Amino acid sequence: MARGQTIGLNIQLALEQEVNPYVSRELIFNFHYFFMRKFWFVYPAKALVFFPGGFGTMDELFEVLTLIHTKKPSKTMPVILFGSEFWDEVLNFDALVRWGVVSSLDLDIFHKTDSVDDAFEYLTSRLEKLYLSPKGLEQVKLT
């Protein structure tokens, strides 16, 4: 265990509510409105990792995918869906392509994996390319 501090963006809900036990107690931020919580998820983020979840997770996932698809925000953010079996059973992205409501290129917005090592490799390689390479730094300066 790295023992680093973690931030929690908590939403006040009537049911199913408790703060993740891995969040540093002094870094819990409580939100009343979903849109403000989502804003603070996306605005400072360089990458996002989604784990299996319910309606709230789906809401946040589709909000992020829609923002990236429509180029809002202007920065590039790698997205990982962790737990392929869950995502493949719950969401049929290929059906969206077959029905013509999304492009097959839209499926490149995210990367599905079951491996911590693969997720780490994907994120570090994408983030190094975006923020440490001369071309990536040029793009960051422009946005």
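To keep things clear, this report deals only with the structure shown in the data block. (Residues numbered from 1 in each chain as written. Predicted model: local features only at pLDDT ≥ 70, side-chain atom pairs only at ≥ 80, totals over all residues. Heavy atoms only, no water.)

## What about the sheet that holds strand β4 (residues 79-82)?
Pairing is parallel across the open sheet formed by three strands, whose spatial order is β3-β4-β5. Since the sheet does not close on itself, it has two edges, and those belong to β3 (48-50) and β5 (110-113), each with one partner. Going from strand to strand, the sheet's axes swing by 25 degrees on average, the running direction of each strand aside. Of the strand pairs in this sheet, β4 and β5 are connected by four bridges, and their pairing is parallel. Across the sheet, isoleucine 80 pairs through a bridge with histidine 111, a residue of β5. Sheet strands in contact with helix α2 (residues 55-69) are β3, β4 and β5, and its direction is about 140 degrees off that of β3. (Pairing = 2+ DSSP bridges. Helix = DSSP H or I, 4+ residues; strand = E, 2+ residues; numbered from the N terminus. Axes fitted to C-alpha atoms, helices over the stretch in contact; angles between N-to-C directions. Contact = heavy atoms within 4.5 Å.)

## Topic: α2
Given a rise of 1.5 Å per residue, 15 residues ought to cover 21 Å, and the 21 Å separating the end C-alpha atoms of α2 matches this to within 8%. Taken together, the buried positions of α2 are Thr57, Met58, Glu60, Leu61, Val64, Leu65 and Ile68. Each buried residue of α2 lies within a common arc of 165 degrees when the element is viewed along its axis, so the set occupies one face. Buried residues along α2 sit in contact with α1 (34-42), β3, β4, α3 (84-90), α4 (93-98) and β5. Immediately downstream of α2, the backbone of lysine 71 shows phi near 65 degrees, a positive value. (Expected span 1.5 Å × (residues − 1). Buried < 20%, exposed > 50% of the residue type's maximum accessible area, 1.4 Å probe, protein only. Arc of directions from axis to C-beta.)

## A few points about unusual backbone geometry
In the segment running from lysine 72 into proline 73, the intervening peptide bond is cis, with an omega of 10 degrees. With respect to the element layout, proline 73 can be found in the loop between α2 and β4. With a phi close to 65 degrees, lysine 71 is a non-glycine residue in the positive phi region. Counting through the fold element by element, lysine 71 comes out in the loop between α2 and β4. Lysine 71 sits in the exposed class, given a relative accessible area of 64%.

## Considerations on the packing of aromatic side chains
Scanning the entire structure with this criterion turns up eight aromatic pairs. Judged by centre distance (5.0 Å) and plane angle (85 degrees), the ring pair of phenylalanine 39 and tryptophan 40 falls under edge-to-face. Judged by centre distance (5.2 Å) and plane angle (40 degrees), the ring pair of phenylalanine 51 and phenylalanine 82 falls under tilted. Placement of phenylalanine 51 in the loop between β3 and α2 and of phenylalanine 82 in strand β4 is noted, with a sequence separation of 31 residues between them. Here a set of aromatic residues connected by ring pairs shows up, and it is made of Phe39, Trp40 and Tyr43. (Phe/Tyr/Trp six-rings, centres within 6.5 Å; stacked < 30°, edge-to-face > 60°.)

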